[in-house]
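# Observations on the model geometry
What follows is each chain in one-letter form.
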Amino acid sequence: MTAEIGSTVLGYPRIGPERELKRALEAYWASRTGEAELRATARELRIATVRELRGAGLDSIPGGTFSYYDHVLDTAVTFGAVPQRHAELGLSPLDTYFAMARGAESAPPLEMTKWFDTNYHYLVPEIGPETRFSLADRAPVEHFQEALEAGVTTRPVLLGPLTFLLLSKPAGGAPRGFRPLEKLPELLDAYAELLVELRRAGAEWVQLDEPALAADPTAEQLRELRRAHQRLGELTERPKVLVAGYFGDFGPALGELAATPVEAIGVDLVTDPSVVDGMVNLPGLRDKTLVAGLVNGRNVWRADLDAALATGATLLGLAGDVAVSTSCSLLHVPYDVEAETDLDPQVKSWLSFARQKVREVVVLGKALGGDRDSVVDDLDRARAAVADRAAAAKVRNHRVRARLDALRPAHRRRSDYATRREAQQEALQLPPLPTTTIGSFPQTADIRRARAAWRAGRIDRSSYQQRMRDEIRRVVELQEQLGLDVLVHGEPERNDMVQYFAEHLEGFASTTRGWVQSYGSRCVRPPILFGDVARPEPITAEWSCYAQRLTGKPVKGMLTGPVTILAWSFVRDDQPLADTADQVAMAIRDEVQDLEAAGIRVIQVDEPALRELLPLNAARRPEYLEWAVSAFRLATSGVADSTQIHTHLCYSEFGDVIDAIVALDADVTSIEAARSRMEVLDDLNAVGFARGIGPGVHDIHSPRVPGAEEMAALLRAALNAVPVQRLWVNPDCGLKTRDYAEVEAALRNMVSAAVQVRQSLS
Ligand code: GLN
Ligand code: ZN
């Protein structure tokens, strides 16, 4: 960034355009290669990235956007926050790092959790009173020098000190009430040391990311933010500092930062454009550079450059200088839309992945800086693409719209629960404490091979169907043998619970190379929801009905809910999410009704992502919860009283969504609970939840097989909070990541726990 208007991006994908880092990591972990090879691949990727970004014409190039696993983990290691259990393994620095990420021998890894409201997961640093911060790892300096030697001056990107501590958790032995934030002064000393070193190495700018401050910061957090950046700003020898806030409304933090010596502030104008209002009377901004996040870093749509220019123009008078950027790091989008050879060409022309977004930023930077002439063609093309998408026939399905227009409140309402309960009991004749599973059974190599062969056209429809049926038969027989009460077909035909539905619905496109890092070496390929959603034909009935024909026990149909489908896709931005959710809900509702008509009496609609889409700013939550609940109810209320609707949520801390869970009005809700010792049931009681509940008694994220006694104890604990008529017995989540030996043993113990508790009741 120079004194005039510049262009930059806040971060870039790092897994490699061909997922080179994934392959290199996995080869290293499997001991097929050594450290030198892994480091060489990493170095090539870093250099290729900075050269690419410079070649694209950005004025300021982010550096240090690379990570071997996760940037929060990198920050912990840089500043010496390595837990004792990992340090004492006596491994090399690189292997200690991987031990923190993945665990080793007796040392469990750091906890992993979602990065704000994205699908990226970071590792949670553990900070205690004993943590000694220092500049323990000089990678940020080395990476700066490495880029410099390759001819590119970068702006090193670091996680900001406040966000780092706010994302950390107290270390195991920390005294009660200890908060990592207490360590801010010591941490700042280490940051200061790093800034000085970066300056000495030649860095002109450094970027400190403070996204935690964009989500309703407390007065204390704002005070600490100011104090921290005042302290760093006062260093006599340092690079200029850009503090970036994103994923929410950075407004409250702006005023604090404007009063510190930092030279630039980055704001996300996409998530919450109203942040501009707060800039109008902010005199401190007049001697700062405002880095305007005008290009959405999280979705895949081409930007409306005219609209972005108009927003940019309103900023010009408010700050000393305006630079153009992405709203957040481009970590959350795939590399290059040009790599997609199978996409519908028209849909493809509306898309922008990381490489294209960099170009958008460059074009905006030039146009805002007065060099519009050189980018007229880009602006014209962007305008044409935006207009084409707005007018395209394939984004609009009149039948879908007419059906939605005809919806009435009655379409989102079932009869009262007592009536339903009675009808269901009559129809299903379940014992007390009915046992079931969450849906998937282990995905064996054989099923994966069959799916891949079918996809590649190596086997025909009937042999694919036969192989899936064989698997379903095995899974049903196993469940019969184990004595489960409500069976499932096991989901062998599904690669992923969202992708599977996206591939069978109109309005979605799939990419072949659109990988996005989820965590570590793990990548996902989110479907792209571009148009009105319709279901051309039934999707799951053939599998569920086949399973039902094999048994006299009820087989539970398995569907993914509308909110989760949106959460794990790239979703169109040309209409309110609420409308898109209702379209998906209608498709699921059709599926629910077809299952019912085909004789399936229990249907589960999974919403594991309900909490994940919750807006970070509290003010925006009620509206979200309203449409999310309403879409679920639309999907599930088209059935008779006697059809039992289940839902499944993948967490046990409900917090802000607890009332919404009541409002879903599912007959049975299964949740994670094994680790929280059933305490979650009291929380549910407190808000008047009075439907069926299946608190998981088996933590499927661990390979440990719990004994029958242990699970029976959990059930007895649950019975203290829930009457026996409402309690279900099930694992925490789907079983697809486990192997059969574990699953069989765990389910056998689970059934025997249920039988034991039932007997003691009668
Ligand atoms: N029905 C899905 C399964 O069992 C649910 C997965 C989930 O909760 N994420 O795999
Ligand atoms: Zn789950």
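Residues numbered from 1 in each chain as written. Chains lettered and ligands numbered in written order. Predicted model: local features only at pLDDT ≥ 70, side-chain atom pairs only at ≥ 80, totals over all residues. Heavy atoms only, no water.

### Some points on the site of ligand 1
Near ligand 1 you find I438, G439, S440, E491, M497, D606, P608, H648, C650, C733 and G734, and these make up its full shell. E491 places a side-chain nitrogen or oxygen 2.9 Å from a nitrogen atom of ligand 1. The side chain of H648 places a nitrogen or oxygen atom 3.0 Å from an oxygen atom of ligand 1. With the chains in place, 92% of the 300 Å² that ligand 1 exposes on its own is no longer accessible. Considering only residue class, the shell around ligand 1 consists of five nonpolar, four polar and two charged. (Near = heavy atom within 4 Å. Polar contact = N/O pair within 3.5 Å; in protein donor to acceptor, adjacent residues only side chain to side chain. Areas by Shrake-Rupley, 256 points an atom, 1.4 Å probe, with all protein chains shown as cover. Nonpolar A, V, L, I, M, F, W, Y, C, P; charged D, E, K, R; others polar.)

### Focus: the coordination of the zinc ion (ligand 2)
Protein ligation of the zinc ion (ligand 2) involves H648 (NE2), C650 (SG) and C733 (SG), the donor distances falling in the range 2.0 to 2.2 Å. The site at the zinc ion (ligand 2) holds four donor atoms, and with the angles between them running 88 to 126°, its shape is tetrahedral. Along the chain, the residues donating to the zinc ion (ligand 2) are arranged with the sequence spacing H-x1-C-x82-C. Take C650: its relative accessible area is 25%, and that puts it in the partly exposed class. (Donors = N, O, S within 2.8 Å, 3.2 Å for Na, K, Ca; no water. Tetrahedral: all angles 85-135°; square planar, octahedral: opposite > 155°, others 65-115°. Buried < 20%, exposed > 50% of the residue type's maximum accessible area, 1.4 Å probe, protein only.)

### Overview of the UniProt feature "binding site: Zn(2+)" (unreviewed entry) in the protein
Taking the numbering used here, the UniProt-annotated feature "binding site: Zn(2+)" (unreviewed entry) corresponds to H648, C650, E672 and C733. The largest pairwise C-alpha distance within this set of annotated residues, which runs over 86 residues, is 8.9 Å, so the set is compact in three dimensions. H648 sits in the buried class, given a relative accessible area of 3%. In this structure, H648 is in contact with I438, Q604, V605, D606, E607, P608, S670, I671, D732 and C733, ignoring residues within four places of it in sequence. Topologically, C650 is positioned in the loop between β19 (644-648) and α24 (658-664). In contact with C650, other than residues within four places in its own chain, are P608, E672 and C733. (UniProt positions renumbered as here; feature names shortened; annotations may be inferred. Contact = heavy atoms within 4.5 Å. Helix = DSSP H or I, 4+ residues; strand = E, 2+ residues; numbered from the N terminus.)

### A look at helix α13 (residues 354-368)
End to end, α13 covers 21 Å across 15 residues, agreeing with the expected 21 Å (1.5 Å per residue, within 8%). α13 sits mainly inside the fold: twelve of its 15 residues count as buried. Residues of α13 that are buried sit in contact with α2 (35-55), β10 (289-295), α11 (305-315), β11 (321-326) and α14 (376-391). (Expected span 1.5 Å × (residues − 1).)

### Points about the side chain of N299
Relative to the assigned elements, N299 resides in the loop between β10 and α11. Each residue touching N299, except ones within four places of it in the same chain, is listed here: V333, S352, K357, F570 and D573.

### Comments concerning the nonpolar core
Residues W115 and M279 are the most contacted members of the largest nonpolar core, which totals 138 residues. Looking at this core, the element that brings in the most residues is helix α8 (residues 184-201), giving ten residues. If near-sequence neighbours (up to four positions away) are discounted, W115 is found in contact with H71, V72, Y120, H121, Y122, L159, L167, P211, Y246, F247 and H332. Counting residues in each nonpolar core, the second largest holds 103 residues, with V488, A541, L559 and I700 among its members. (Core = buried A, V, L, I, M, F, W, Y, C linked by side-chain atoms within 4.5 Å.)

### Concerning the packing of helix α17 (residues 445-455) against helix α18 (residues 461-482)
Packing of α17 against α18 brings their axes to within 10 Å, and their N-to-C directions diverge by 160°. Overall, the two elements α17 and α18 adopt an arrangement that is roughly antiparallel. Relative to α18, α17 is oriented so that their crossing is left-handed. Contacts between α17 and α18 involve D446, I447, A450, R451 and W454 from the former and R461, Y464, R467, M468 and E471 from the latter. Its residues placed into classes, the contact of α17 with α18 shows five nonpolar, no polar and five charged. (Axes fitted to C-alpha atoms, helices over the stretch in contact; angles between N-to-C directions. Parallel < 35°, antiparallel > 145°, perpendicular 65-115°, else oblique. Left-handed = near helix turned anticlockwise from the far one by under 90°.)

### A few points about the sheet that holds strand β15 (residues 528-534)
Sheet architecture is open: three strands sit in the order β12-β15-β17, paired in mixed fashion. Strands with a single pairing partner mark the edges of an open sheet, and in this sheet they are β12 (506-509) and β17 (570-571). For β12 and β15, the ladder comprises three bridges, and the chain directions are antiparallel. Across the sheet, the residue bridging to E506 is A534, located in β15. Set on the sheet, helix α22 (residues 577-597) makes contact with β15 and β17; between it and β15 the angle comes to about 55°. (Pairing = 2+ DSSP bridges.)

### Things to note about the packing of aromatic side chains
For the structure shown, the criterion picks out 20 aromatic pairs. An angle of 50° between the planes, with centres 6.0 Å apart, marks the rings of W29 and Y69 as tilted. You can see W29 sitting in helix α1 (residues 20-29) and its partner Y69 sitting in the loop between β1 (61-63) and α3 (71-78), a full 40 residues away along the chain. You can call Y69 buried: its relative accessible area is 6%. Here the aromatic rings of W115 and F247 are separated by 6.5 Å at their centres, their planes lie at 85°, and the arrangement is edge-to-face. Taken as a pair, W115 in the loop between β2 (112-114) and β3 (121-123) and F247 in the loop between β8 (240-245) and α10 (251-258) lie far apart in primary sequence, 132 residues in all. A single burial state applies to W115 and to F247, both of which are buried. Site record: aromatic cluster; members linked through ring pairs are Y28, W29, F66, Y68, Y69, Y97 and F98. Just above the ring of W515 sits the side chain of R19; from NZ or CZ to the centre is 3.9 Å. We note R46 situated over the ring of F66; from NZ or CZ to the ring centre the distance is 5.0 Å. (Phe/Tyr/Trp six-rings, centres within 6.5 Å; stacked < 30°, edge-to-face > 60°. Lys NZ or Arg CZ within 6 Å of the ring centre and 35° of its normal.)

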